[in-house]
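# Inside the fold
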Amino acid sequence: MIALISLVLACAKGADTDSEPTDSPQGVDSAVDSAPQPPPLFQNPAEAVDQDPDTDAFELTLSAAPLDFSIGELQVSGYAYNGQVPGPVIRLQPGQQLLTQIDNGLEDQTTVHWHGANVPFEMDGVPWMSSPIQPGASMDVDFTLSAPFTGWYHPHFDTERQVDWGLYGVLIVQDPTWPTPDHELIVVADTWGESPDQGHHSGFVFQEHDWTVNGLSQPVHPVNGGESVLVRVVNVSNMGYLALSADTLRVVAFDQGLLPAPITDSPVVLGPGDRAVLELSPSDTDIVLWSQPWSVAGEHALGEPFELMRLELQESGVQHPGLDFGWSGTAPTADPGHTDLRYVFQGDEQTGQWRINGEAFPDVTIGSIPPGEPAIIEVRNLSATEHPFHLHGMHFEVLSIDGVAPQHQRIEDTLNLEIRQTVRLLVNPENAGDWMAHCHILPHAEGGMMTVLRVE
Ligand code: C2O
Ligand code: CU
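Residues numbered from 1 in each chain as written. Chains lettered and ligands numbered in written order. Predicted model: local features only at pLDDT ≥ 70, side-chain atom pairs only at ≥ 80, totals over all residues. Heavy atoms only, no water.

### Looking at the overall build of the protein chain
Summing up its helical and strand segments, the protein chain has four helices and 32 strands in all. Counting every position in the protein chain, which comprises 456 residues, the buried fraction comes to 54%. Considering only residue pairs separated by 6 or more positions, the protein chain has 77% of its internal contacts joining residues 24 or more positions apart. Carbon and sulfur atoms form 50% of the exposed surface of the protein chain, whose accessible area is close to 17700 Å². (Helix = DSSP H or I, 4+ residues; strand = E, 2+ residues; numbered from the N terminus. Buried < 20%, exposed > 50% of the residue type's maximum accessible area, 1.4 Å probe, protein only. Contact = heavy atoms within 4.5 Å. Areas by Shrake-Rupley, 256 points an atom, 1.4 Å probe, with all protein chains shown as cover.)

### Re the confidence of the model for the protein chain
Looking at the protein chain, the pLDDT average stands at 89 and 88% of residues meet or exceed 70. Scored below 50 in pLDDT, residues 1-32 makes 71 contacts in the model with residues more than four places away or belonging to other chains. Counting contacts from residues 198-206, a segment whose pLDDT is below 50, to residues more than four positions away or on other chains yields 25 contacts. (pLDDT = per-residue confidence, 0-100.)

### Some points on the layout of surface pockets
Considered as a void within the structure, the largest pocket measures approximately 810 Å³ in volume. When residues of the lining of the largest pocket are assigned to their parent elements, the largest contribution, five residues, is made by strand β15 (residues 258-263). Here the lining of the largest pocket is built from residues that sort into 17 nonpolar, eight polar and five charged. Empty space within the second largest pocket amounts to approximately 540 Å³. Lining the second largest pocket are 31 residues, and of these Asn118, Ala147, Gln256, His395 and Ile411 lie nearest its centre. With three residues, β15 is the single largest residue contributor to the lining of the second largest pocket. For the lining of the second largest pocket, the residue count by class is 15 nonpolar, twelve polar and four charged. (1 Å grid on protein atoms, 1.4 Å probe; cavity = no way out; pocket = protein on both sides within 12 Å on 5 of 7 lines; lining within 4 Å. Points joined across faces, edges and corners; volume = space filled by probe spheres on them. Nonpolar A, V, L, I, M, F, W, Y, C, P; charged D, E, K, R; others polar.)

### Looking at the coordination of the copper ion (ligand 2)
Bound to the copper ion (ligand 2) on the protein side are His387 (ND1), Cys439 (SG) and His444 (ND1), at distances that span 2.0 to 2.1 Å. Expressed as a motif, the donor residue spacing for the copper ion (ligand 2) is H-x51-C-x4-H. One end of the pair, histidine 387, is in strand β26 (residues 387-391); the other, histidine 444, is in helix α4 (residues 442-446), and 57 residues separate them in sequence. Assessed through its relative accessible area of 4%, histidine 444 is described here as buried. (Donors = N, O, S within 2.8 Å, 3.2 Å for Na, K, Ca; no water.)

### Quick notes on the sheet that holds strand β25 (residues 375-381)
Judged by pairing direction, the sheet is mixed, and its six strands sit side by side in the order β23-β22-β25-β30-β27-β28 without closing on themselves. The outermost strands of the open sheet, each flanked by one partner alone, are β23 (353-356) and β28 (411-412). In this structure, strand β22 (residues 341-348) lies alongside β25, joined through five bridges in parallel fashion. Residue pairing across strands places arginine 342 opposite glutamate 378, the latter belonging to β25. (Pairing = 2+ DSSP bridges.)

### Structural notes on the sheet that holds strand β13 (residues 242-245)
The five strands lie next to each other as β11-β21-β18-β13-β16, forming an open sheet whose pairing is mixed. What marks the edges here is a single partner per strand, and that holds for β11 (220-223) and β16 (268-270). If you compare each strand with its neighbour and ignore which way they point, the axes differ by 25 degrees on average. Bridge analysis of strand β18 (residues 287-291) against strand β21 (residues 306-313) gives five bridges, and the strand direction is antiparallel. Counterpart to serine 291 in the pairing with β21 is phenylalanine 306. (Axes fitted to C-alpha atoms, helices over the stretch in contact; angles between N-to-C directions.)

### With respect to empty space enclosed by the protein
One pass over the structure, following the stated rule, counts three cavities of 30 Å³ or more. Reported here for the largest cavity is a volume of approximately 80 Å³. Taken together, 15 residues make up the lining of the largest cavity; nearest its centre are Thr111, Val112, Gly125, Ser130 and Met139. The residue makeup of the lining of the largest cavity, split by class, is nine nonpolar, four polar and two charged. Here the second largest cavity is characterised by a volume of approximately 60 Å³. Along its surface, the second largest cavity is lined by Pro148, Phe149, Thr150, Val173, Asp175, Trp178, Arg232, Ala253, Phe254, Asp255, Gly257 and Val277. Here the residues of the lining of the second largest cavity sort into seven nonpolar, two polar and three charged.

### Looking at the nonpolar core
With 34 residues, the main nonpolar core has Tyr343, Val379, Phe389 and Leu391 as its most contacted residues. Considering each element in turn, this core owes the most residues, four residues, to strand β31 (residues 433-439). If near-sequence neighbours (up to four positions away) are discounted, valine 379 is found in contact with Tyr343, Phe345, Phe389, Leu417, Gln421, Thr422, Val423 and Leu425. Val187, Ala246, Phe254 and Leu270 belong to the second-largest nonpolar core, a separate cluster that totals 28 residues. (Core = buried A, V, L, I, M, F, W, Y, C linked by side-chain atoms within 4.5 Å.)

### Thoughts on the side chain of asparagine 238
Relative to the assigned elements, asparagine 238 resides in the loop between β12 (229-235) and β13. Among residues more than four places away in sequence, those in contact with asparagine 238 are Glu160, Val163, Asp164, Glu194, Ser195, Pro272, His440, Ile441, Leu442 and Pro443.

### Structural notes on the pattern of salt bridges
Under the counting rule described, the total for this entry stands at 15 salt bridges. Between arginine 161 and aspartate 108 there is a salt bridge whose closest N-O contact spans 3.1 Å. Here the residue arginine 161 occupies a position in helix α3 (residues 159-164), and aspartate 108 occupies one in the loop between β4 (97-104) and β5 (113-115), the gap between them amounting to 53 residues. For arginine 161, a relative accessible area of 14% translates into the label buried. Aspartate 108 sits in the partly exposed class, given a relative accessible area of 28%. A salt bridge links aspartate 413 to arginine 275; its shortest N-O distance comes to 2.7 Å. A residue pair is termed long-range when its members are at least 10 positions apart, and aspartate 413 in the loop between β28 and β29 (414-417) and arginine 275 in strand β17 (residues 275-280) qualify at 138 residues. Look at the salt bridges and you will find they share partners, linking Glu47, Arg91, Glu184 and Arg232 into a network. (Salt bridge = Lys/Arg side-chain N within 4 Å of Asp/Glu carboxyl O.)

What follows is the structure, encoded as structure tokens:
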């Protein structure tokens, strides 16, 4: 099953409807016969175009609508933003206003949540205070982001199903101080058929190895030795973990901003919702981006590492010394020792009941912290599975993991908690609101592992 799917998973998604016919889902049908197909060519998702370049603001219409596309040999009826899966990459400059009109062309209500972006609460896309967008209706969203980051956008209503069916896209605030690489690749990694409504993806059996990159199975991208390659990886899977490694790999950023120094430890574990910016430096061979099978039980799962994608060497050259980001070396903030809020994660696979502080959303006790004052949150995982903890509305600095401070400062909005791990986080909330705090494994969130942090 796996091999079969890999072989024919060609250019399924990732192509917008305006691109050449060979990239369209129809192209797959004619290609499905006989001899082994060459691996598909990597393609970045098409970028959003500013609809009014005469102003400083970035103006965009984002239309959610049904779309038929293929995942390998399977024709599926899914959802797309602006007719493409992944949706358009929205790329902003720091301080640039984003004006979005969201059109709901679905038969169901929807919202758009800007994952990792500190937006005003009314724009956060949670159907908690602002109601969801009705079918056929529109909503205007207006916000300005100052901090460079790699984020994404997705519905926060009927989330498990709508995200699984293809509603997601990448949101980037550029850092103008970054050096320009020879290649910037945007890797939206997904797995399929995870939502409860399996019949919809009829015949699709979820397999851990069936990852796609921008809708392609194991795409290749041509490079030359000596070139610099930055890869922004976003894990949009409902519940799949990536555990990445590659020759020459160094991590230059996670969720928020540049790291103070590059990290070369591997594997780089990215749970659902998490992101990393990787630098790869080819010289005289291909570089394969591997993912080790990873279990939410917090360890290498059985099985061989599988190839997520590959940089295919065209011409050899002397390895690039690594882009000069002007590393700051900033040390982490010292833990002041007190605790303002505690979240304890519990639950198990058997019951599907997932809890924070013993409570299941929406029957939760709302913790409060005042705006403009730093606060310490301690999150403890007492369950036998891992959980990517995600906080809306504010970023957090990782003060310690099981009592050990990171070597350098690390700012995140999504952080994987290993089994029985305790992390201490520093937040500096600016925007008032009722912010969601939850596990980003979507069945866990759906199973109750979600609470609300009030800033007032
Ligand atoms: Cu990406 Cu509340 O989520
Ligand atoms: Cu979880």
